[in-house]
Each structure stands twice: as C-alpha cells, then as structure tokens.
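# Reading the structure
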Amino acid sequence: MTTPPGLLAVIDMQQVFADPASPWAAPRYAEAAQGVRRLLPAFVDRTVFTRFVAPAHPTGAWQAYYDRWPFALRPPDAGLWHLTDGFEGQAEAVLDAPTFGKWTPELAALAAPHGRLVLVGVSTDCCVLSTALPAADAGIEVLVVADACAGADDDSHAKALHLLDLYRPLIRVTTTAELLG
C-alpha cells in the first residue's frame, strides 16, 4: 500500500445516516464505511472526522428545514450524531458543524499544510459535495473517493460524482484502489 498525500476528511459517518430506520439513511452506508476503513491505515495522523449537528436555535432558511425534520433537533451529544463503526478515536480531530458543507476555518487550517483533501463519507450528494466545492475554490486539490462515499440513493450518488468530476483538475473522483496504488 502506498501512502497517498493529503488530509483524509471523513464526512458525517454518523448513526443518523447509518440507521436504516432514519429518514436520512444512506442505503449504501455500510459499503462507504468499508471503504473508509480501507483508507484509514494510509492516513495515520492525517485524518479528521466531521459531524453534522443541529444548531441549538435554527435561523433563517434552517428554520424551515428543521420544521420538515424536527426529529433532528437534538443536542450534539445525542445518539443520532454519534460516529459509527468504531470510528470514535480514529482521527486527530472531530469537527462539528451545523451546515452541510464542512469546509470550515478549522478544516481549512488542517488541510492547508497538505495541499490536498481526500473526501469520503456521506452523503455524496449533500455534505461531501458541499465540502468539495468551497475547498476547491480555496485552492486545495480535492479527491473524492467514490467507493468510500454513499449518497441518499444510487442515482443521486452517481449524479453527484459526475458533477464533481466536471471540476477537474480542481476536484477528481477516484477509488480506494487507485488512491492506495
């Protein structure tokens, strides 16, 4: 296995997206988690996990969003926000954000020394996409690992990957096998 350059950002591998009974379940979550586990050994000390968490008091358009999804208005320590698959303690940092995009100042500071951000997680068509675009705009090379991501459904996943790959060379879609050599 080669040691690929960059920072591995594992986006929102949380119970709320893994649980088949959740309205936000990603049907191929287990396959994405398997891809993440394959990549973790190649990114020792260069991994960050993110968590989507609800804001304490939604404002603006987020008020209508949480009117639609009131089950999610839970504090950050609620079980639905927990990382799954033994991912707790697997990263140098866990960053919380009440937004789809995880390209926060904290993630930008962690990615900057590497110049490359390797994105995996859920959901391809929401939080992964919303993180990739501003990172690329900031001048960071972004690799999205298709088989370590899962979408809201297979069609949305495929469409998001196609859209992301249109941003070459700023964003490139790859696989775990290609990345690990």
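So, here's what we can say about the structure. (Residues numbered from 1 in each chain as written. Predicted model: local features only at pLDDT ≥ 70, side-chain atom pairs only at ≥ 80, totals over all residues. Heavy atoms only, no water.)

Let us now look at the pattern of salt bridges. Under the definition given, this model contains seven salt bridges. For arginine 116, the salt bridge identified is with glutamate 141, shortest N-O distance 3.1 Å. Of the two residues, arginine 116 is situated in strand β4 (residues 116–122) and glutamate 141 in strand β5 (residues 141–150); the sequence distance between them amounts to 25 residues. The class for arginine 116 is buried, based on a relative accessible area of 13%. A relative accessible area of 29% places glutamate 141 in the partly exposed class. (Salt bridge = Lys/Arg side-chain N within 4 Å of Asp/Glu carboxyl O. Helix = DSSP H or I, 4+ residues; strand = E, 2+ residues; numbered from the N terminus. Buried < 20%, exposed > 50% of the residue type's maximum accessible area, 1.4 Å probe, protein only.)

Here we take up the layout of surface pockets. In this structure, the largest pocket encloses a volume near 290 Å³. Lining the largest pocket are 15 residues, and of these Phe17, Trp24, Tyr65, Ser123 and Cys126 lie nearest its centre. By residue class, the composition of the lining of the largest pocket is 12 nonpolar, one polar and two charged. (1 Å grid on protein atoms, 1.4 Å probe; cavity = no way out; pocket = protein on both sides within 12 Å on 5 of 7 lines; lining within 4 Å. Points joined across faces, edges and corners; volume = space filled by probe spheres on them. Nonpolar A, V, L, I, M, F, W, Y, C, P; charged D, E, K, R; others polar.)

As a further point, take the sheet that holds β5. Taken together, the six strands give an open sheet; going across it, the order is β3-β2-β1-β4-β5-β6, and neighbouring strands pair in parallel fashion. Each end of this open sheet is capped by a strand with a single partner; those strands are β3 (93–97) and β6 (171–174). Between one strand and the next, the sheet's axes are offset by a mean angle of 25°, whatever the strand orientation. One ladder, built from four bridges, connects β5 with β6; its direction is parallel. Considered in β6, the bridge of valine 145 is made with threonine 174. Those strands touched by helix α5 (residues 124–137) are β1 (7–11), β4, β5 and β6, and its axis lies near 165° from that of β4. (Pairing = 2+ DSSP bridges. Axes fitted to C-alpha atoms, helices over the stretch in contact; angles between N-to-C directions. Contact = heavy atoms within 4.5 Å.)

With that settled, the discussion passes to the packing of aromatic side chains. A full pass over the atoms with the stated rule returns 16 aromatic pairs. Note on phenylalanine 52 and tryptophan 81: the rings are 5.8 Å apart at their centroids and 65° apart in plane angle, and the pair reads as edge-to-face. Of this pair, phenylalanine 52 sits in strand β2 (residues 47–52) while tryptophan 81 sits in the loop between α3 (61–68) and β3, and the two are 29 residues apart along the sequence. Residue phenylalanine 52 shares its accessibility class with tryptophan 81, and that shared class is buried. (Phe/Tyr/Trp six-rings, centres within 6.5 Å; stacked < 30°, edge-to-face > 60°.)

So, on to the packing of α5 against helix α6 (residues 154–165). Here α5 crosses α6 at 15°, and the two axes come no closer than 9 Å. As judged from the angle between their axes, α5 and α6 are roughly parallel. Note on packing geometry: the crossing formed by α5 with α6 is right-handed. Where α5 abuts α6, its residues Thr124, Asp125, Leu129 and Ala132 lie against Ser156, His157, Ala160, Leu161, Leu163 and Leu164. (Parallel < 35°, antiparallel > 145°, perpendicular 65-115°, else oblique. Left-handed = near helix turned anticlockwise from the far one by under 90°.)

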